[in-house]
Amino acid sequence: MKLTQEQKSFVEDLLSRMTLDEKIGQMNQESPSIVGGFDVPFSELIEMMTDGRISQEEFGRIMANATQDFHEDEIRAGLVGSMMVNDPRKNNELQKIAVEESRLGIPLIIGFDVIHGFRSVFPIAIAEACSFDDALFEETARMAAAESRAHGINWNFAPMIDAARDSRWGRVSEGPGEDPFLGSRFARAKIRGLQNDRSSPLNYVAACTKHYVAYGACESGRDYNTVSMSVSNLYNVYLPAFRAAMDEGAATVMAAFNDLNGVPCTVNRWLLREVLKKDFGLEGFVVSDANAIRECVTHGIAADDRDAGVQAALAGMDMDMGTHIYKDFLKAEVEKGTVPMTVIDEAVRRILSVKVWLGLFENPYVPEALIEAYEKSLPEKHVALCRRAAEESMVLLKNEGGILPLRRGQKISLVGRLADDANEVCGAWAMAWKPEDCVSILTGLKEAGADVCYYPCGGPEGDINLEEADRACLEGDVIVAVVGETDAMSGEASSKAEISLPGGQRALLERLLQSGKPVVTVLMNGRPLALGWEAEHMPAILEAWHLGIRMGDAVAAALLGDVNPAGKLSSSFPSVTGQCPVYYNHPSTGRPGSKSKFTSRYLDAPWDSLFPFGHGLSYTSFTYEDLRVGERGEELEIAIRLKNTGEREGTEIAQLYMQDVTASLVRPVKELKDYCRVTLSPGEEREIRFTLKKKDMGFYDNAGRYLLEDGLFRLFVGTSSRDCLMQEIELKF
Ligand code: GLC
């Protein structure tokens, strides 16, 4: 995000004409408040429904009779800078009040959670990241931006780029997995897609990279839990994606709920002012997460709301999401001198800069024609992109005996409630999909012309009908079992202490196996699952995640062989939950895990992941040969020969890793440093080349200093983080 000199002057002039109330108004974000129809605060009503004091039906009835307060009067008075609404006509209405009825006519920045698409929902991020396709990451983000603007949303609370190594945490579904390099490439591509299409004022939005920072390291994988880590770990694992996003010009950042080493990110001056704004160069603004300023009292870092508001403002938190604390307390604190006017001016300058950069002063409204266009069917190119993204995001985990792809003419017994539930294909944080756009796996198979009969047999919740499973086994030549999680089992506030297949789904798989017929397992899930038993017993496993509106088409195409799966895991899978957190880029330790007793291992489970980062099979096969590493000035040249040794065309994602073998801090046994997608015909061989800049081979120490240290390095190239060729090289920097 860069402003012209003229835009900067506009901001300064506007700022100079604002009252203190209007300035603080810009720092205040509102959501529609539910009012009427009940005589307790809305938060209390939610609690009552959650703890069963009122039923879901009663809650629904109350909501049906309630109205929403869109804060029109406060907007008119210039006391609201941002709203969170996704209805285009309501957004135009609110924008009109701000622009035409408030004293200075400052438009609203209107934000919404568009994490993996708006109405055209593409795969959840952990799945899309498995494509290792930067062009795809960018293209889907660009589509989301255009759809957002068509609904009056000019600010996406995306991308979520939290590195996450513990799959008990439900929000692993929302981010690009465990690796900082893949996460950085994902972040850059998403920022470009959301922000860079300036061909029309309605094609781009402000991105909001989140959650800053290290939210994915919450202790025990329990959401909102405390985070403690070394500075070097923070800089080497959790900050890189945010640094990349800032380099790419991300307009805004959302602070994370968690504390970091005892200081909540929301009031963490070092994180917000020193690292993010000064070192990383954020040009736009920081917004708190929902209610997070008030929660600093609960954290125990602030005595009361006023104290929390003062700490947040002084720490560099520019906008308050939803607590009204800035609106209620900042004016008095400025007048008392506890919060200098310069702090207010800096925050408002940043907020106005983003609004100017968005072109909101020239184009605050959504044309009616554009609104109507989206009320009809989705543009065909959007549907096609959702399907392609779904196809590229699937990972073939196992395929013993080549059961997959299925043969045309085979009668398929399709089993599992998820297979016919189009409401589950979009996954967590999909808020605007329409049922008519969503395709279930059953529909996908039928539309692909497969000979399929369907037996629900149950799913992630409730009982499993084993008798129905027996009938399914009698009917089909091959059984396809769709098992996994509902969309509510991952995402925010969805941590789980046990991440094996939920409900009786394992018992269902066992029963199907007893038939002696070939059984294909299709996973629909929002997190890596603990699949030790399944990997041992199930002959074929296709990881299909929550792939978005066209999931059914994509899975059917993969099962029937019209698509050759090429995805690679963006996160490691454990055998059992007790291994969490488990990840590939770990230090060696002095006693690396092995079969020997006195090594870093478990008595009752494997020590390493079941399926490692970067793992993914194909319907064809590839070989890697002749790895060569050479030095050329300030770069390493790495080359390898890749061959398709199978019978059909396939795409391979070749991965480059490195190891700094001896350093002043222990370093990971492998670190991803590049990757490339290569499509080869049967028998085709190609030389694959990587260039690695020596300056990118360093690491951060516990003072946050970046170090490049002479010594022995290992370079790896292969088909996964576990299956690689290796060459050593001595380097002097
Ligand atoms: C939520 C999430 C955040 C989201 C925000 C607004 O609590 O933590 O990711 O953008 O609130 O919905």
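Going by the structure above, here's the rest.
Just so we're clear, the structure is a prediction, and the values are computed from it rather than from any experiment.

The rules behind these values
- Residues numbered from 1 in each chain as written.
- Predicted model: local features only at pLDDT ≥ 70, side-chain atom pairs only at ≥ 80, totals over all residues.
- Heavy atoms only, no water.
- Pairing = 2+ DSSP bridges.
- Helix = DSSP H or I, 4+ residues; strand = E, 2+ residues; numbered from the N terminus.
- Axes fitted to C-alpha atoms, helices over the stretch in contact; angles between N-to-C directions.
- Patch = residues over 30% accessible without salt bridge, like charges linked within 9 Å, V, L, I, M, F, W, Y side chains within 5 Å.
- Areas by Shrake-Rupley, 256 points an atom, 1.4 Å probe, with all protein chains shown as cover.
- Salt bridge = Lys/Arg side-chain N within 4 Å of Asp/Glu carboxyl O.
- Phe/Tyr/Trp six-rings, centres within 6.5 Å; stacked < 30°, edge-to-face > 60°.
- Buried < 20%, exposed > 50% of the residue type's maximum accessible area, 1.4 Å probe, protein only.
- Expected span 1.5 Å × (residues − 1).
- Contact = heavy atoms within 4.5 Å.

A short note on the sheet that holds strand β11 (residues 285-287)
- What the three strands build is an open sheet, ordered β7-β8-β11; its pairing is parallel. Each end of this open sheet is capped by a strand with a single partner; those strands are β7 (208-212) and β11. Between one strand axis and the next, the sheet turns by 25 degrees as a mean value, whatever way the strands run.
- In this sheet, strand β8 (residues 252-255) lies alongside β7 in parallel orientation, the contact comprising three bridges.

Examining a nonpolar patch on the surface
- A contiguous nonpolar patch, built from Y706, L708 and F733 and spanning about 240 Å² of accessible area, is present on the exposed surface.
- Tracing the sequence through the fold places F733 in the segment after β27 (724-731).

Quick look at the packing of aromatic side chains
- One pass over the full model with this rule turns up 20 aromatic pairs.
- Between Y212 and F242 the ring centres are 5.3 Å apart and the planes differ by 70 degrees, which places this aromatic pair in the edge-to-face class. Highlighted residues: Y212 in strand β7 and F242 in helix α11 (residues 240-247), separated in sequence by 30 residues. F242 shares its class with Y212; the two are buried.
- When the centroid spacing of 5.7 Å and the interplanar angle of 80 degrees are considered together, the rings of F713 and F733 count as edge-to-face.

Things to note about unusual backbone geometry
- A cis amide bond, omega 5 degrees, links Y212 with the succeeding residue V213.
- For V213, the location among the structural elements is in the loop between β7 and α10 (231-238).
- With omega at -5 degrees, the peptide bond leading from C580 into P581 counts as cis.
- The topology assignment puts P581 in the loop between α23 (551-560) and β19 (622-632).
- Of note, S220 is a non-glycine position whose phi angle comes to about 65 degrees, a positive value.
- Considering the arrangement of structural elements, one finds S220 in the loop between β7 and α10.
- Unusually for a residue other than glycine, D626 sits at a positive phi of about 65 degrees.
- As for its placement among the helices and strands, D626 is situated in strand β19.

Focus on helix α16 (residues 341-357)
- The first and last C-alpha atoms of α16 sit 24 Å apart over 17 residues, in line with the 24 Å expected at 1.5 Å per residue.
- When you tally the buried positions in α16, you get 14 out of 17 residues, the bulk of the element.
- With its phi angle positive at about 75 degrees, G359 sits one or two positions after the end of α16.

What to know about the sheet that holds strand β14 (residues 411-415)
- Pairing is mixed across the open sheet formed by six strands, whose spatial order is β13-β18-β17-β16-β14-β15. Each end of this open sheet is capped by a strand with a single partner; those strands are β13 (395-399) and β15 (451-455). Averaged over all adjacent pairs, the angle separating strand axes in this sheet is 20 degrees, with direction ignored.
- Alignment of strand β17 (residues 519-524) against strand β18 (residues 540-543), held across four bridges, turns out to be parallel. Looking at the pairing, V520 lines up with A540 of β18.
- Those strands touched by helix α20 (residues 466-475) are β14, β15 and β16 (478-484), and its axis lies near 170 degrees from that of β15.
- Together, β14, β16 and β17 form the strand contacts of helix α21 (residues 505-513), whose direction differs from that of β16 by roughly 170 degrees.

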